[in-house]
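Given next are the chains, with one letter for each unit.
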Amino acid sequence: MYIGACRMTFSLPGNRSLKGKRQVVRRVCDRIRNKFHAAAAEVGDPEQWSEAEIAFAVVSGNRTHAQAMAENIIGYLEDLMIAPLREVELEVIPFDDVSTGGTFTEVERWKGSGAAKLGEQPDDDEE
């Protein structure tokens, strides 16, 4: 499995309010979610009105496909011109299954609400 993670910084020249910034952030995140079915959120400082930092993530079983999906989203947002795109960071991260000896060996795997690690039975005293 591969995760395409992207962080974009949009310039908001002339913006003078938090409300104006929120309108841009909402439009960008909604477009990403609705058109591409990808996760998107504001990740930058919400109090800085002159720029908006937004991240999104896509998941695929193929590295090339994850990269292409992320690049399609970036291209779409550039063409949309909601706000000038100042900086883009894109990374495709392999996420192998821990049970098969994958790359994320130190990742803790949790069950449900995080009360117990997978494979462990809860102590009778804790319930």
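Not measured: the values here are computed from a predicted model.

Engineer: I would appreciate a short explanation of helix α2 (residues 63–80) in the present structure.
Structural biologist: Each full turn of the α-helix corresponds to 3.6 residues, which orients residues three or four apart in the same direction. Here α2 spans 26 Å end to end across 18 residues, near enough to the 26 Å set by a 1.5 Å rise per residue. Residues of α2 that are buried include every one of Ala66, Ala70, Ile73, Ile74 and Leu77, and no others. On an axial view of α2, the arc spanned by its buried residues comes to 95°, and they lie on one face. Within α2, the exposed residues directed more than 90 degrees away from the buried face are Thr64 and Asp79. Looking at the packing, one finds that the buried side of α2 touches β1 (2–11), α1 (18–36), β3 (51–60) and β4 (85–94). By the N-cap criterion, in which a side-chain oxygen at the helix start approaches the backbone nitrogen of a residue two or three places on, α2 is capped by Asn62, the distance to Thr64 being 2.7 Å. A positive phi of about 55° marks Met81, the residue just after α2.

Engineer: How should the pairing of β3 be read in this particular structure?
Structural biologist: Two faces belong to every sheet, and in a regular strand the side chains alternate between them. Buried residues dominate β3, accounting for 8 of its 10 residues. Bridge analysis of β1 against β3 gives 10 bridges, and the strand direction is antiparallel. Residue pairing for β3: Ser11 is matched across the bridge by Glu51. Sheet topology places strand β2 (residues 39–42) next to β3; 4 bridges connect them, and they run antiparallel. Residue pairing across strands places Ala41 opposite Ala55, the latter belonging to β3.

Engineer: I keep staring at the packing of α1 against α2 and nothing clicks. Help me out?
Structural biologist: Packed helices, taken two at a time, are described by their axes: the angle between them and the distance between them. Packing of α1 against α2 leaves a shortest axis separation of 11 Å and a crossing angle of 130°. On the basis of the axis angle, α1 is oblique to α2. Every pair of crossing elements has a handedness; the one defined by α1 and α2 is right-handed. For the pair formed by α1 and α2, the contact residues are Val28, Arg31, Ile32, Lys35 and Phe36 on the first element and Asn72, Ile73, Tyr76, Leu77 and Leu80 on the second. Of the residues contributing to the contact of α1 with α2, the split by class is 7 nonpolar, 1 polar and 2 charged.

Cut-offs applied
- Residues numbered from 1 in each chain as written.
- Predicted model: local features only at pLDDT ≥ 70, side-chain atom pairs only at ≥ 80, totals over all residues.
- Heavy atoms only, no water.
- Helix = DSSP H or I, 4+ residues; strand = E, 2+ residues; numbered from the N terminus.
- Expected span 1.5 Å × (residues − 1).
- Buried < 20%, exposed > 50% of the residue type's maximum accessible area, 1.4 Å probe, protein only.
- Arc of directions from axis to C-beta.
- Contact = heavy atoms within 4.5 Å.
- Polar contact = N/O pair within 3.5 Å; in protein donor to acceptor, adjacent residues only side chain to side chain.
- Pairing = 2+ DSSP bridges.
- Axes fitted to C-alpha atoms, helices over the stretch in contact; angles between N-to-C directions.
- Parallel < 35°, antiparallel > 145°, perpendicular 65-115°, else oblique.
- Left-handed = near helix turned anticlockwise from the far one by under 90°.
- Nonpolar A, V, L, I, M, F, W, Y, C, P; charged D, E, K, R; others polar.

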